[in-house]
Amino acid sequence: MFDNARRTHTCGELRPLDVGRRVVLQGWAQNARDMGGVVFINMRDRHGIIQVVADERCPDAVRQAAAGVHLEYVVEVEGTVALRASANPKLATGLVEVVAASVTILSRTPALPFSIEGHISANEDLRLQYRYLELRRPELQKNLIMRHRASLAVRRYLDSEGFVEVETPILTKATPEGARDYLVPSRVHAGQWYALPQSPQIFKQILMVAGMDRYFQIVKCFRDEDLRADRQPEFTQIDIEVSFATRALVMELATNLVRTVWKEMLDHDVGELPVISYTEAISRFGVDSPDTRFGMEHSDVTAQLRATEFGVVRGPLDAGGIAKVFVVKGGGASVSRKQLDAWTLFVRTYKLGGLLYGKVGSPWTGPLAKLSEAEQSAIIAASGAIDGDLVLLGAGTYAAVNAGLGKLRAAVAKELGLVPPGFSFVWVVDFPSFELDEESGRWMAVHHPFTSPRPEHIALMGTGREGEMFADAYDLVCNGYEIGGGSIRIHDPDVQSKVFAALGMTPEDAEQKFGFLLDALRHGAPPHGGLAFGFDRMAMLLCGTDNIREVIAFPKTASAQDLMSGAPSPVDPKQLRELHVRNTE
RNA sequence: GGAGUGGUAGUUAAGUCGGUUAUAACGCUAGCCUGUCACGCUAGAGGCCGCGGGUUCGAGUCCCGUCCGCUCCGCCA
C-alpha cells in the first residue's frame, strides 16, 4: 500500500506477529514521556496509536532526539517491533512497541490552543478556528469516514437500481419562492445575478423530460437562512428523481436505500417502515416529524372540556381553540415543581400561553384539580392515565397547542431519560398542498410549487378552497428528524400554471420566473416524482450525534461564519467594480 | 429580527455581601528521574477578568450598551 513511501506501516496495525520487523512510521506525537533514561512516545495517525521507546538499546543521539519530541510534533521513527514489558490493554497495538533506531522531527508546533487527547474541553469557537486540530480527534475522523462509507453505499445502491448520477449547475437562476438565495453577481452581464441552488429541483425535473428516467446526485445546496444545531447554510442532499413513478415506488426505493445504508453502516435492520398521514402525525404527536421511539402520545380533550368552568381552559376553547393532554407515567411523584415551571416557560416559546398539570389521584392535585370530577374522568378515559401519573394539558389555538405540546413531548422524554436507543423510522404522507401565510394573507406551498396535488383535489384550485387540498407528498422521519422529503411532481403544464396562479403569481410572473420549466413540461413530460435526503442529517444519525457540525469537516457557526478561514470577508473594491456592485455600508 | 445562556492565564474552570497581591488543574519553560502509558518530583513564567461607557473612595463582582460562541423562536418553497 505504501510502496512509494518511506512509511512502511500505520500506527494502528502492528501486532505481536510483527515482532522483529524493521518498520518506518510517520505520525503525530500524541504523548511524550521522558523518564530520564528512557523516553516513550505515543505516535498517532488516523489508523491508531503505537508506543515508541528509546532506551539503553538505542544510541544516545536517538534518546536525545526522542526527548526533544513535544506534543503534536510530526515525527518519523525507524525501528524494530518488540514485545512490551507491560502491555497496555487500552491500545489495539498495546502488546508491542517500536524500539527506535532513529527519530526524526518532520514538523513542529508551538503549544497547542487545546488538548487533542481525551475529552473535548475547549469552547467550540476555538475548536472551529483550529478545525484542523479538532479534526485530528478520532471521534471526528470516525464521523468523516462513516460519511464517506455512507456515500459509497448510497451510490452503489442507486447504481444497482439503474440510477445515473448527473451534475446540475451551481450557478443558476434566482427563485424568489422559498428560502433566501445566495446570489453571485455576473461580471459579463452588468446588474444581473446568478443564484446558488437551494436544491436542483427544476433541473432534475427537466432531466426527466430529457428522458433520463432515473437520476440521482449527491449535491451541495445553499439556503441563506438562519442556522440551527441540525441546519447549515450549505448542506448536502441525496437528490433522486424517477420517471413513470408512483408515490409507492419512490417510497419503496427510498426505504430500500435507508435499509441498505443502515445495514451496511451499522448492521442495523430498519424493519418495515410505518406510514401515517400528516393529519395523524399532528393529532398523535403535535408535530409533522415525530420521534416515534417512545409513547406519550397526545389526546384531544376539546369536546370533553367544552363546558368546563375552569376559565383558563374554557377561554381558549370559546375562542375556537383546542385542548390536548399527554401523560408522564408515574410523573406525579417524580416530576418536580421546578421542572414544571421550566416546561411552562418552554411551551411559551411556541405561543402556548401556559401549561396546566394534574397529578392523578383521589383527589387530583395541581391546577387541573380545579376541573370537575367528571372532566377528570373524561381525561383519564381519553389518555389512559392512572393514579400516580402526571397529566400535562395545553389549551389554546390549534397551532400553539400542537407545537407547544409536540415539542414538549420530545423535550420531556429526553429530560426524563425515556428515549430508548436505536432508530425509529416513519413515513408521513398527505401533507396539505397550501397553507395561508398570516403576514401576506396569501397561499404558500407547504412543500414546493411543483408538488402535485392529489388528483381528486386538483379541481379545488381557484375556488378559494385551496386549504382543503392535499398533496402527493411524503417525508421520511427518523427519531424526530426529517431526513428525507419528496413528492409526485406536476407534469401537466396547465396544472402547473394553475398552482402558480393559486400562489398569487400572474401568468407573466410565472413565465418570467419559471417559463423554462413550463416550456419543458409542454414538450412531452413524463409523469415523475422523487425525493431528497438530507445527507448531513442522515450522517448525524449514523454517527449517533445530534449536532450537524460533527459530521461536516468545515462547518459554519450560528452566524454563518467560517471561523477558520474568516469567511465572509470584505473584498477588494476592484473586484466589486468588475462585478458592477457597490457597497451601501 | 427576538429570547435564553456563556465569555476570568495557552486551555478548562473557581472567585462568597463590591474591599489586601485574582485562585486551581492541565498545558508551557527549566531541572531531576531507566518501563511509563492521565508517568512522577522540584522550581518558574504566564492575566486589559470579551470590548466600551457608567455608579462607587474602591468593580472580575452592580448598571447600561456592544461584540462573539452555543441553544431555541421567527425563518428554513
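Further up the page is the structure itself.
Notes on the structure in this doc start here. (Residues numbered from 1 in each chain as written. Chains lettered and ligands numbered in written order. Predicted model: local features only at pLDDT ≥ 70, side-chain atom pairs only at ≥ 80, totals over all residues. Heavy atoms only, no water.)

1. Structural notes on empty space enclosed by the protein
For the structure on display, the rule yields 1 cavity of 30 Å³ or more. Space inside the largest cavity adds up to approximately 70 Å³. Counted by class, the lining of the largest cavity contains 7 nonpolar, 4 polar and no charged residues. (1 Å grid on protein atoms, 1.4 Å probe; cavity = no way out; pocket = protein on both sides within 12 Å on 5 of 7 lines; lining within 4 Å. Points joined across faces, edges and corners; volume = space filled by probe spheres on them. Nonpolar A, V, L, I, M, F, W, Y, C, P; charged D, E, K, R; others polar.)

2. Quick word on helix H14 (residues 493-502)
Within H14, the full set of buried residues consists of Pro 493, Val 495, Gln 496, Val 499, Phe 500 and Ala 502. Looking at the packing, one finds that the buried side of H14 touches strand S17 (434-436), strand S18 (443-445) and helix H15 (507-521). With a side-chain oxygen lying 2.7 Å from the backbone nitrogen of Asp 494, the N-terminal cap of H14 falls on Asp 492. One or two positions beyond H14, positive phi appears at Gly 504, with a value near 95°. (Buried < 20%, exposed > 50% of the residue type's maximum accessible area, 1.4 Å probe, protein only. Helix = DSSP H or I, 4+ residues; strand = E, 2+ residues; numbered from the N terminus. Contact = heavy atoms within 4.5 Å. Polar contact = N/O pair within 3.5 Å; in protein donor to acceptor, adjacent residues only side chain to side chain.)

3. Details of the layout of surface pockets
There is about 790 Å³ of room inside the second largest pocket. Lining the second largest pocket are 27 residues, and of these Tyr 182, Leu 183, Pro 568, Ser 569 and Val 571 lie nearest its centre. Put simply, the parts of the chain that give the lining of the second largest pocket at least two residues each are strand S7 (183-185) and helix H17 (573-578). When grouped by side-chain class, the residues that make up the lining of the second largest pocket number 16 nonpolar, 5 polar and 6 charged.

4. Some thoughts on the sheet that holds strand S12 (residues 299-300)
Spatial ordering of the open sheet is given by S12-S13-S15-S14, a layout of 4 strands whose pairing is antiparallel. The outermost strands of the open sheet, each flanked by one partner alone, are S12 and strand S14 (356-359). Each of strand S13 (322-328) and strand S15 (390-396) touches helix H13 (residues 398-415); the most contacted strand, S13, lies at about 10° to it. (Pairing = 2+ DSSP bridges. Axes fitted to C-alpha atoms, helices over the stretch in contact; angles between N-to-C directions.)

5. Description of the state of the cysteines
Under the criterion given, the structure shown has 0 disulfides. Unpaired in terms of disulfides, Cys 58 finds its nearest cysteine sulfur in Cys 11, a separation of 17 Å. (Disulfide = S-S within 2.5 Å.)

6. Things to note about the protein's contact with RNA strand B
Within the structure, RNA strand B sits among 54 residues, and Asn 31, Arg 84, Gly 178, Glu 225 and His 447 are positioned closest to it. Atoms of RNA strand B within 4 Å of the protein belong to the sugar or the phosphate in 52% of instances, the rest to bases. Within the contact set of RNA strand B, a base oxygen lies 3.2 Å away from a side-chain nitrogen or oxygen of Glu 56. Separating a phosphate oxygen of RNA strand B from a side-chain N or O atom of Arg 223 is a distance of 3.0 Å. For the surface near RNA strand B, the secondary structure elements donating two or more residues are strand S1 (22-34), strand S2 (39-45) and helix H2 (124-129). Residue classes in the surface near RNA strand B are distributed as 17 nonpolar, 20 polar and 17 charged. (Near = heavy atom within 4 Å.)

7. Section: the nonpolar core
Residues Ile 240 and Phe 533 are the most contacted members of the largest nonpolar core, which totals 44 residues. In terms of residue count, helix H6 (residues 247-266) provides more of this core than any other element does, 9 residues in total. Every residue in contact with Phe 533, bar those within four places of it in the chain, is listed here: Thr 236, Gln 237, Ile 238, Ile 240, Ala 254, Leu 257, Val 258, Leu 476, Ile 483, Gly 484 and Met 538. Counting 26 residues, the second-largest nonpolar core is a separate cluster that includes Ile 50, Tyr 73, Val 81 and Ala 82. (Core = buried A, V, L, I, M, F, W, Y, C linked by side-chain atoms within 4.5 Å.)

8. A short note on the pattern of salt bridges
Applying the stated rule across the entire model yields 41 salt bridges. Here Arg 284 and Glu 280 are joined by a salt bridge, their closest N and O atoms 2.7 Å apart. A residue pair is termed a helical-turn pair when its members lie 3 or 4 positions apart in one helix, as Arg 284 and Glu 280 do in helix H7 (residues 278-285) at 4 residues. Given the relative accessible area of 31%, Glu 280 is considered partly exposed. Salt bridges here are not isolated pairs; linked through shared partners, they connect Arg 247, Asp 430, Arg 454, Glu 456 and Asp 472. (Salt bridge = Lys/Arg side-chain N within 4 Å of Asp/Glu carboxyl O.)

9. Some points on unusual backbone geometry
Cis geometry marks the peptide bond from Ser 362 to Pro 363, where omega comes out at 5°. Although it is not a glycine, Asp 430 adopts a positive phi angle of roughly 60°. Inspection of the secondary structure assignment puts Asp 430 in the loop between strand S16 (425-429) and S17. In this structure, Asn 479 takes a positive phi of about 55° despite not being glycine.

10. Structural notes on the packing of aromatic side chains
Geometry of an aromatic ring pair is reported as the spacing of the ring centres plus the angle between the planes. A full pass over the atoms with the stated rule returns 9 aromatic pairs. Ring geometry for Trp 262 and Phe 425: centres 5.1 Å apart, planes at 85°, overall edge-to-face. Here Trp 262, found in helix H6, pairs with Phe 425, found in strand S16; they are 163 residues apart in sequence, far enough to count as distant. Taken as a pair, Trp 262 and Phe 425 share a single burial class, namely buried. (Phe/Tyr/Trp six-rings, centres within 6.5 Å; stacked < 30°, edge-to-face > 60°.)

11. With respect to the environment of Val 166
Among the structural elements, Val 166 can be located in the loop between strand S6 (164-165) and S7. Accessibility expressed as a relative area gives 18% for Val 166, which makes it buried. Sequence spacing of Val 166 and Lys 204 is 38 residues, and the spatial spacing of their C-alpha atoms is 8.8 Å. Apart from residues lying up to four places away in sequence, Val 166 is in contact with Leu 207, Met 212, Tyr 215, Phe 216 and Gln 217.

Without other data, these values stay purely geometric and don't point to any function.
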